[in-house]
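Coordinate inspection notes
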Amino acid sequence: MGLKKLAMRNNGVLLLVVVLFSLWGCSVSASVSYDSKAIVINGQRRILISGSIHYPRSTPEMWPDLIQKAKDGGLDVIQTYVFWNGHEPSPGKYYFEGNYDLVKFVKLVQQAGLYMHLRIGPYVCAEWNFGGFPVWLKYIPGIRFRTDNGPFKAQMEKFTRKIVNMMKAERLFASEGGPIILSQIENEYGPMEYELGAPGKAYSNWAAHMAVGLGTGVPWVMCKQDDAPDPIINACNGFYCDYFSPNKAYKPKMWTEAWTAWYTEFGGPVPKRPAEDLAFAVARFIQKGGAFINYYMYHGGTNFGRTAGGPFIATSYDYDAPLDEYGLLRQPKWGHLKDLHRAIKLCEPALVSGDPTVTQLGNYEQAHVFKSKSGACAAFLANYNPNSFAKVSFGNMHYNLPPWSISILPDCENTVYNTARVGAQSSTMKMTRVPIHGGLSWQAYNEQTASYEETSFTVSGLLEQINTTRDASDYLWYMTDVKIDPSEEFLRSGKYPVLTVSSAGHALHVFVNGQLAGTSYGSLEFPKLTLSKGVNLRAGINTIALLSIAVGLPNVGPHFETWNAGVLGPVTLNGLNEGRRDLSWQKWSYKVGLRGEALSLHSLTGSSSVDWIQGSLVARKQPLTWFKTSFDAPAGYAPLALDMGSMGKGQIWINGQSLGRYWPAYKAQGSCGGCDYAGTYNEKKCLSNCGDASQRWYHVPKSWLKPTGNLLVVFEEWGGDPNGVFLVRRDVDTVCADIYEWQPTLMNWQMQSSGKVDKPLRPKAHLSCGAGQKISKIKFASFGTPEGACGSFREGSCHAHHSYDAFERLCVGQNSCSVTVAAEMFGGDPCPSVMKKLSVEAICT
Ligand code: GAL
């Protein structure tokens, strides 16, 4: 609800509130405070539903749609971190344009009538490069991050103040008429403080006082910070937070990160979290008096460029969020949560009135009942048993509770929602090749190994990578010479000596005399690597060139800023006449970055500065190759991506902008078993993609394209086949509904309680394809006892023979349709006295 509207609704309390009229308009300021029950806005306690959308992980052109879909999904608040390294790429040089236009983002949230939770950090974690810290910060003399350290505190205060002042200048805090109702300082510092002891404690106290001293007029939050000093609210992050209590009785119970699933790492499977369990976790939090819940992430988006942290965080930050990476609705998650939010909002008057009364209804069953003085009553009936249904008596009624579920009764009598009964449609998505006239025709440029003339300096010994590159590039060349005496035995026996390279990570290519001799890489869990390989050396001088590659800087962990990358050694040769030769301490020459990077081959001007190999001469499977092509933007609504399935590892640019790192050759390792929503979720449960690329598709934001002649540049490290790269569109493939005949619905309850109908209404199956699509075919429909899940439905022993009819009539040819789930619609009851449901799957084209 908009601030203006809200203020109007609260005429009674308006007198108590300071009303400010800004100079440029008439936005009404809101007072934001809190008490033990909730965040209080203009004197009114609110149950607030929030979702994280990180502005740099999408484009400004996507923001209005994302924010609108968040609002339609029942959100009140948008939460974002502020990304310091994006905003201050070099000391004192600020950047707030493009997808870093923070003010624009906050204003769009305001225009949509939503609130904002601004997590300034400026440490953000977030699987973001270096946890959001600019790399230059590390090179300020005497600095130590996130502890009681003068140089660090000075920089942190300067940036925090900069952001706060910027928001104030635009009057964006609620106290000034803006949408920002909450801020955050630091991020999950509690565990760090515990490790550091006294300096940690001194630092978090300082951070708290510094933040409060900035006078934003709205409360500050510290998440995972049990000792957050007053007036800061300490909040919980996790998959479940119902157990959490704030550190003072007068603070509200806030959940700043309800993880909607988890992030993907290159080499790891893709995590999913069932909507039923996420809804259960949220209902469980609310029934225990929770008053603010934020989905982390509501839209995860994309780690464009080199913004992914890690190391090894994938470019997609999809997170299995309610809005997918491309900004499309992820169903049933989005819809099931929307229904949950409506149910919670119906309970709001009772929820904010006082503590619940908790009654044990059985071994695993509980009722939480909230009552207000004015007579509102709301009940949450929970079955914590992951294995079986429960029949409970509550009031004068009986209720059937599916395993691991909570039913919500906004009048303490009628169930309007159960977390395990999904009324929303589910959708499967497809990636379809976009025909490009004449196909993509590629040109190539060979990067080749660095030469000594190009190296910038030579020292004895091996250097740490990040200190050498300062993250100006992922790439660092290490070069040295090895002299082989003609008397070496291996030259006759043909038994090559073995080169062993130990590296702190993250990936490594070894070239001997210009030829690729081997490749190795680590993983998020074990970034270090050792490569051992027999190498074909010749008599005389041999050049060994090691290309060490960073795959994102760490974003989390004690003193993550001190973690090393690169070839730290030892580097040895075994199997020579002398036995083992240690190369670690000899002279090494260094070059930061690639030739193609120095030439800006990714850009329009740079790419025309070299001669490219044309047409059929473009070699496949050639390491260190730049590829370029151009294409026209396709028509249509669907979001776009590049299918990089035929490629190895590298980076992609479109019209000079980086889509990010790609690495489809890194297959997802792990076990992807089944996925039962019931039972405690963690990030190891419900994995997908095992054995396939961790990430095959790479989002191409539409706003980065021109109608014609878009320049696509790919740098391939390993050697892939660019002829297998395709532009694809993302569309809804099929939509399903799976609904019980007597499934509770909110609509039903609203109609009944307003006296519009006297007997219960049946639920409806809603089917809706994507923008510009139509339902072309009903693939399956069965009213009775169908089995299976969306994509694999099959008829059960009871099936109404006219199950398809209504769908054929009402849905085919339409973009969306609704069909009432009642026997009459399907030609009569096929099996009276049996509990029936409807399963339907339709194809969208
Ligand atoms: C949290 C952290 C977030 C994010 C998340 C995992 O602990 O606060 O920034 O990193 O973990 O996705």
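Residues numbered from 1 in each chain as written. Predicted model: local features only at pLDDT ≥ 70, side-chain atom pairs only at ≥ 80, totals over all residues. Heavy atoms only, no water.

Using the following cut-off: UniProt positions are given in the numbering used here, feature names are shortened, and annotations may be inferred rather than shown by experiment.
Within an unreviewed UniProt entry, the label attached to the protein chain reads Beta-galactosidase, and the organism entered is Morus notabilis. Looking at the protein chain in UniProt, the text filed under Sequence similarities (unreviewed entry) is "Belongs to the glycosyl hydrolase 35 family." Listed in UniProt under the heading Catalytic activity (unreviewed entry), the comment for the protein chain reads: "Hydrolysis of terminal non-reducing beta-D-galactose residues in beta-D-galactosides."

1. Some thoughts on the pairing of strand 30 (residues 579–582)
Definition in use: Paired strands, as defined in this entry, are two strands with at least two bridges between them according to DSSP. Secondary structure elements are defined from DSSP: runs of H or I of at least 4 residues count as helices, runs of E of at least 2 residues count as strands, and each element is numbered from the N terminus.
Pairing of strand 29 (residues 571–576) with strand 30, which is carried by four bridges, proceeds in the antiparallel orientation. Opposite leucine 573, over in strand 30, you have arginine 581 as the bridge partner. Turn length for the strand 29-strand 30 hairpin, with the two strands adjacent in sequence and antiparallel, is two residues.

2. A few points about unusual backbone geometry
Rules: Exposure is judged per residue with a 1.4 Å probe applied to protein chains only, and the accessible area is read against the type maximum: over 50% gives exposed, under 20% gives buried, and values in between give partly exposed.
Here the residue pair glycine 121 and proline 122 is connected by a cis peptide bond, since its omega of -5° sits within 30 degrees of zero. By secondary structure assignment, the location of proline 122 is in the loop between strand 6 (115–121) and helix 6 (150–169). In the segment running from aspartate 230 into proline 231, the intervening peptide bond is cis, with an omega of 0°. Looking at where proline 231 falls in the secondary structure, it is placed in the loop between strand 8 (220–223) and strand 9 (233–238). Its identity is not glycine, yet asparagine 513 carries a phi of approximately 50°, on the positive side. As for its position among the elements, asparagine 513 is in the loop between strand 25 (507–512) and strand 26 (515–521). Overall, asparagine 513 belongs to the partly exposed group, its relative accessible area being 21%.

3. With respect to the site of the ligand
Inclusion rule: Whether a residue is near a molecule or strand is decided by its heavy atoms; if any one of them lies within 4 Å of it, the residue is near. Residue burial considers only the protein chains on display, and all accessible areas are found by Shrake-Rupley using a 1.4 Å probe. For this scheme, ten residues count as nonpolar: Ala, Val, Leu, Ile, Met, Phe, Trp, Tyr, Cys and Pro. Four count as charged, namely Asp, Glu, Lys and Arg, and the remainder, Gly too, count as polar.
Around the ligand lies a shell of 15 residues, among which Tyr81, Ala126, Glu127, Glu188 and Tyr319 are the nearest. Relative to its free-state accessible area of 300 Å², the ligand is covered by the protein chains to the extent of 94%. For the shell around the ligand, the per-class residue count stands at ten nonpolar, two polar and three charged.

4. Looking at helix 3 (residues 63–72)
In an α-helix, one full turn covers 3.6 residues, which means residues spaced three or four apart are oriented alike. Note the following rule: What the arc measures is the spread of directions leading from the helix axis to the C-beta atoms. Contacts are residue-level and defined by heavy atoms, with any inter-residue pair within 4.5 Å sufficient.
Within helix 3 the residues assigned to the buried category are Trp63, Leu66, Ile67, Lys69 and Ala70. Across the axial projection of helix 3, the buried residues extend over an arc of 160°, all falling on one side. Buried residues along helix 3 sit in contact with strand 4 (48–53), strand 5 (77–81), helix 5 (102–111), strand 12 (292–299) and helix 10 (333–351). Following helix 3 by one or two positions, glycine 74 has its phi on the positive side, about 95°.

5. With respect to the nonpolar core
Selection rule: Nine residue types can take part in a nonpolar core, namely buried Ala, Val, Leu, Ile, Met, Phe, Trp, Tyr and Cys, and a core is a set of them joined through side-chain atoms within 4.5 Å.
Met167 and Leu340 are the most contacted members of the largest nonpolar core, which has 145 residues in total. Residues contacting methionine 167, with those up to four places away along its chain left out, are Leu102, Val103, Val106, Leu118, Leu172, Phe173, Glu176 and Ile180. Counting 50 residues, the second-largest nonpolar core is a separate cluster that includes Phe312, Val434, Leu440 and Ile654.

6. Examining the state of the cysteines
As a reminder, the rule being used: We call a pair of cysteine sulfur atoms a disulfide whenever their separation is within 2.5 Å.
According to the stated counting rule, one finds eight disulfides in the structure shown. Linked covalently through their sulfurs, cysteine 736 and cysteine 790 form a disulfide whose S-S length is 2.1 Å. Since a negative S-S torsion denotes a left-handed disulfide, the cysteine 736-cysteine 790 link at about 70° is right-handed. Highlighted residues: cysteine 736 in strand 39 (residues 726–740) and cysteine 790 in the loop between strand 41 (775–784) and helix 16 (805–810), separated in sequence by 54 residues. Overall, cysteine 736 belongs to the buried group, its relative accessible area being 1%. Of the cysteine sulfurs around cysteine 125, a residue in no disulfide, the closest is that of cysteine 223, at 9.3 Å.

7. What about the environment of proline 664?
Its place among the elements puts proline 664 in the loop between strand 35 (657–662) and strand 36 (687–688). Note on proline 664: relative accessible area 1%, which makes it buried. Each C-alpha atom of the pair proline 664 and leucine 546 lies 22 Å from the other, and the pair is 118 residues apart in sequence. Discounting chain neighbours no more than four positions away, the residues touching proline 664 are Met644, Gly645, Met647, Gly648, Ala693, Gln695 and Tyr698.

8. Looking at the sheet that holds strand 2 (residues 39–41)
Through backbone hydrogen bonds, the strands of a sheet pair up, either in parallel or in antiparallel fashion. Rules: Orientation is described by axes fitted as lines to C-alpha atoms, over the contacting stretch for helices, and by angles from 0 to 180 degrees between their N-to-C directions.
The three strands lie next to each other as 1-2-3, forming an open sheet whose pairing is antiparallel. Each end of this open sheet is capped by a strand with a single partner; those strands are strand 1 (32–34) and strand 3 (44–46). Strand-to-strand twist of the sheet, defined as the mean angle between neighbouring strand axes without regard to direction, takes the value 40°. Pairing analysis gives three bridges linking strand 1 to strand 2, with the strands arranged antiparallel. Following the sheet pairing, tyrosine 34 is matched in strand 2 by isoleucine 39.

9. Some details on the domain arrangement of the protein chain
A common way to state how big an interface is: give the accessible area lost once the parts meet. Definition in use: For every domain, the bounds stem from an assignment made automatically or drawn from a database.
Partitioning the protein chain into domains gives domain 1 (32–330), domain 2 (430–444 + 598–724), domain 3 (448–593) and domain 4 (732–844). A C-alpha centroid distance of 39 Å is found between domain 2 and domain 4.

10. A short note on the sheet that holds strand 26
One open sheet holds the six strands; their spatial order is 22-31-23-28-25-26, and the pairing between them is antiparallel. Each end of this open sheet is capped by a strand with a single partner; those strands are strand 22 (457–460) and strand 26. If you compare each strand with its neighbour and ignore which way they point, the axes differ by 25° on average. Alignment of strand 23 (residues 475–484) against strand 31 (residues 587–592), held across four bridges, turns out to be antiparallel. Opposite tyrosine 478, over in strand 31, you have tyrosine 590 as the bridge partner.

11. Side note on the packing of aromatic side chains
Ring pairs (aromatic) are described by centroid distance and by the angle formed between their planes. Put simply, the test is: For Phe, Tyr and Trp, where Trp contributes only its six-membered ring, two rings pair if their centres lie within 6.5 Å, and the inter-plane angle classes them as stacked under 30 degrees, edge-to-face over 60, or tilted in between. In our convention, an over-ring charge means Lys NZ or Arg CZ found within 6 Å of a ring centre and within 35 degrees of that ring's normal.
By the definition in use, this model includes 58 aromatic pairs. An angle of 55° between the planes, with centres 6.0 Å apart, marks the rings of phenylalanine 152 and tyrosine 203 as tilted. Note that phenylalanine 152 is positioned in helix 6 and tyrosine 203 in helix 8 (residues 198–212), a separation of 51 residues in sequence. A relative accessible area of 0% means that tyrosine 203 is categorised as buried. Both rings, one in phenylalanine 370 and one in phenylalanine 380, keep their centres 6.1 Å apart while their planes meet at 70°; by these two values the pair is edge-to-face. Taken together, the positions of phenylalanine 370 in strand 14 (residues 365–371) and phenylalanine 380 in strand 15 (residues 377–383) put the pair ten residues apart, joining distant regions of the chain. Grouping residues by exposure puts phenylalanine 370 and phenylalanine 380 together as buried. Between the NZ or CZ atom of arginine 146 and the centre of the ring of tyrosine 123, over which it lies, the distance is 3.6 Å.

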